[in-house]
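Survey of secondary and tertiary structure
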Amino acid sequence: MDELQVVEFVATYLKKKGFSEAENALQAEIQRNKSSNNTNPIDILNDPELSKFFRTFSESEDGPARYQDEYSKLRSWTYSSLDLYKHELLHVLYPVFIHCFMDLVAKGHIQEARTFFNNFREDHEMMHLRDLQKLEGVLSPSHLEEMEFAHSLRHSKVNIKICQYSYELLLQYLHKTQSTKMLGIINERINFQVSPGQPSSISDDAEIVTLIGSNQDAANQINQKEVHWGLLEDSLENRLEKTGLISDSEKAEGENKEAEIDENKKRPVEGGKQGASIKKLKKDKAINATAKTSRLEANTVSTAPRVKPDLALPVMPTEVEQSILEDLRNRVHLSSAALPSVSFYTFINTHNGLNCASISQDGSLVAGGFSDSSLKVWDMAKLGQQAVSSGLQGENDTTPREDIIGPNGRKRSYTLYQGHSGPVYSASFSPLGDFILSSSADTTIRLWSTKLNANLVCYKGHNYPVWDVQFNPQGHYFASSSHDRTARIWSMDRIQPLRIMAGHLSDVDCVRWHINCNYIATGSSDKTVRLWDVSSGECVRIFIGHRSMILSLAMSPDGRYMASGDEDGTIMMWDLASGRCVTPLMGHTSCVWTLAYSCEGSLLASGSADCTVKLWDVTTSTKVLKTEEKSGTNRLRSLKTLPTKSTPVYSLQFSRRNLLFAAGALSKTS
């Protein structure tokens, strides 16, 4: 082994370990020796220890069996660690596993890579099944660059939170066993966030590992941008508050209750009646206390800052405004002690053809998007007049007529909208219910009139299926998300998009408007949620923490918080100002397909493929700081679970009076 080989080995070793400064110093020293004609090479042949080290290093660089052997030993050591530290150390295994696999592929050891992958994949399938399914397609070194997911993994680091003692245990093991492969991967691919004190609890696991493949530094930089999360200056709620109509009605209600209590006190009481009267007084006091608490919770909306709209919003007709104000005056104040009434619309006989459901603001219209490319809308007022046998049914008729005569000559219970040439994946009613949007696999979005029962516009711009479309809270504008990894902003009077939001690494599966119309949020299969400025089209927040694709989003009525639900059943609440997760809500056992905040923001409703609707105490959840949480039980704020017989929940919608509407398709289990 001559001097040139020694230098190459040393340079390779330093580069592998990430010692860039030492590598540069070595190269500089070599250049100085060459320029000074220094002919004093290292006598590698007469130095057995150095010779043994370089020989071992040379063999380890070329031997694919080293990956299998060292990872297997690391895995065994981790599983045999003390329970106190085991759950932290286990988080290291997954990134090491995938990078071992990709390193073997990159070096051309394809067969060894497949063997390694198949031997250890079961350890990670529960938490990372979708990632593993993507990596299964990596069969050659060129795939690592061509596949964007693999490429992003190779060019980014994983952030892992770990306590000081666990970190020292890991380093001690790696150095003691001379696991150079594992040490190199951990040094190059993992960024440890070491904290003093005890290990984090198992309940914090959802936040210990930052999403693999995401650029955390870029996300942190983006999250420094300012976000104006308040309400619109001239919103109806603001106007109603200024007129004092809400406070006056509440004041009158309180005076009536006080008069009633005084009257009860003046009535003569005898024997058993006295005990009943005292119980009634205590009950009235409890009700008053509950009402007071719920009103205080409702006031969180009124304390939100006011902002000006960046979009030119439409003017609301006077009669519509009066109707909405009437609803707001009669709104039921919800809280943990006063849960909402729920009206559930069940689609039957859909034959697995229902892809989406949407409910109008007042619950009078219900829409379903079907795989046969049709959109069907039921009018609840007319439905009550139809025969029971013609209930909510997804018949596969193809008649193009716009009247309500079905193929069997009887009246249909729905209005059929046809025009798409592919499955309909999403539908959204305008705030007033006079229009409905639909998006399809045919890459188009269509605008329909519920008054004329006709298609008005076909919007073309996306290049692939459009997964979701949502009307602006004020109408006129709408947002869409697609398989082409973009979200787009549209207006009803233009056939081309006004803005294109690009940045996600995979499908954009869902989209939601902020309450002040200045931002939209998008959820993606890349496991991130992004917040976009509508006026500039820039991404102003990246929310990282989910472990699977995002399927649903909801904005709180005060505009400060956002909830996101994923494929694993996890719901996360985010603070838009800081970009941090306030609290994860655990409880669902399958995909969370829909989320909705109550009108005053005290409750969050979630609908899932596990056939349940869950109600969460949002007010309590947002008050609990992460640093004050001692156990995972503090995170679970589920107030009530409402199970269906066998109906996955597709859509949730709170009315302005706080009645909760839900919709889903009955699935046959037998």
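Residues numbered from 1 in each chain as written. Predicted model: local features only at pLDDT ≥ 70, side-chain atom pairs only at ≥ 80, totals over all residues. Heavy atoms only, no water.

Right, let's get into the overall build of the protein. Within the protein, the secondary structure is distributed over 19 helices and 31 strands. Looking at the protein as a whole, 50% of its 670 residues are labelled buried. Taking the intrachain contacts of the protein between residues at least 6 apart in sequence as the baseline, contacts between residues at least 24 apart amount to 58%. Summing over all exposed atoms, the protein offers an accessible surface of approximately 32100 Å²; the carbon and sulfur share of this is 51%. (Helix = DSSP H or I, 4+ residues; strand = E, 2+ residues; numbered from the N terminus. Buried < 20%, exposed > 50% of the residue type's maximum accessible area, 1.4 Å probe, protein only. Contact = heavy atoms within 4.5 Å. Areas by Shrake-Rupley, 256 points an atom, 1.4 Å probe, with all protein chains shown as cover.)

This next bit is on the confidence of the model for the protein. A residue-level look at the protein finds 75% of positions with pLDDT of 70 or above and a mean pLDDT of 79. Predicted confidence for residues 245–283 stays below pLDDT 50, and this span has 17 contacts to residues more than four positions away or in other chains. Scored below 50 in pLDDT, residues 625–634 shows ten contacts in the model against residues more than four places distant or in partner chains. (pLDDT = per-residue confidence, 0-100.)

Glancing now at the UniProt feature "repeat: WD" (unreviewed entry) in the protein. Under the present numbering, the feature "repeat: WD" (unreviewed entry) in UniProt falls on residues 347–380, 417–449, 459–500, 501–542, 543–584 and 585–626. For residues 347–380, the end-to-end C-alpha separation is 13 Å, with 3% helix and 56% strand making up the annotated structure. (UniProt positions renumbered as here; feature names shortened; annotations may be inferred.)

Looking now at the nonpolar core. Grouped together as the largest cluster of nonpolar side chains are 40 residues, with contacts concentrated most on V96, F97, F101 and L135. Among the elements that take part in this core, helix α5 (residues 83–106) stands out by supplying 13 residues, more than any other. Discounting chain neighbours no more than four positions away, the residues touching L135 are I98, F101, M102, R114, F117, F149, A150 and L153. Ranked by size, the runner-up nonpolar core spans 19 residues in total, among them W229, C510, A521 and I550. (Core = buried A, V, L, I, M, F, W, Y, C linked by side-chain atoms within 4.5 Å.)

In this section: the sheet that holds strand β24 (residues 571–575). One open sheet holds the four strands; their spatial order is β22-β23-β24-β25, and the pairing between them is antiparallel. The sheet is open, and its two borders are formed by β22 (550–555) and β25 (580–585), each paired with just one other strand. Taking each pair of neighbouring strands and ignoring which way they run, the sheet shows an average axis angle of 25 degrees. In the sheet, strand β23 (residues 561–566) pairs with β24 via five bridges, with the strands oriented antiparallel. Considered in β24, the bridge of Y561 is made with D575. (Pairing = 2+ DSSP bridges. Axes fitted to C-alpha atoms, helices over the stretch in contact; angles between N-to-C directions.)

It is worth spelling out the packing of helix α4 (residues 65–79) against helix α10 (residues 164–176) at this point. Closest axis-to-axis distance for the α4/α10 pair is 12 Å, and the angle between their directions is 140 degrees. Considering how the two elements wind past one another, α4 and α10 form a crossing that is right-handed. Contacts between α4 and α10 pair K73, L74 and W77 from the former with L169, L170 and Y173 from the latter. For the contact of α4 with α10, a count of residues per class yields five nonpolar, no polar and one charged. (Left-handed = near helix turned anticlockwise from the far one by under 90°. Nonpolar A, V, L, I, M, F, W, Y, C, P; charged D, E, K, R; others polar.)

Turning next to the pattern of salt bridges. One pass over the structure, following the stated rule, counts 14 salt bridges. One salt bridge connects K86 with D83, and the closest N-O pair in it is separated by 3.5 Å. In this pair, K86 and D83 both sit in helix α5, three residues apart, roughly one turn of the helix. Between E326 and R329 there is a salt bridge, with its nearest N and O atoms 3.0 Å apart. Here the residue E326 and the residue R329 both occupy positions in helix α17 (residues 318–329), the gap between them amounting to three residues, near one helical turn. Exposure remark for E326: the relative accessible area of 35% places this residue in the partly exposed category. R329 sits in the partly exposed class, given a relative accessible area of 31%. Among the ionic contacts, a cluster of salt bridges with common partners joins R121, E125 and E136. (Salt bridge = Lys/Arg side-chain N within 4 Å of Asp/Glu carboxyl O.)

Before going further, it helps to spend a moment on the sheet that holds strand β12 (residues 444–449). Spatial ordering of the open sheet is given by β10-β11-β12-β13, a layout of four strands whose pairing is antiparallel. A single partner strand is all that each edge strand has here, and the edge strands are β10 (424–429) and β13 (454–460). The mean angle between the axes of side-by-side strands here comes to 20 degrees, regardless of whether they run parallel or antiparallel. Where β12 meets β13, six bridges bridge the pair, whose relative direction is antiparallel.

With that settled, consider the environment of S335. Along the chain, S335 turns up in the loop between α17 and β5 (342–347). By relative accessible area, which is 3% here, S335 ends up buried. Through-space distance from the C-alpha of S335 to that of G601 is 9.2 Å; in sequence the pair is 266 residues apart.

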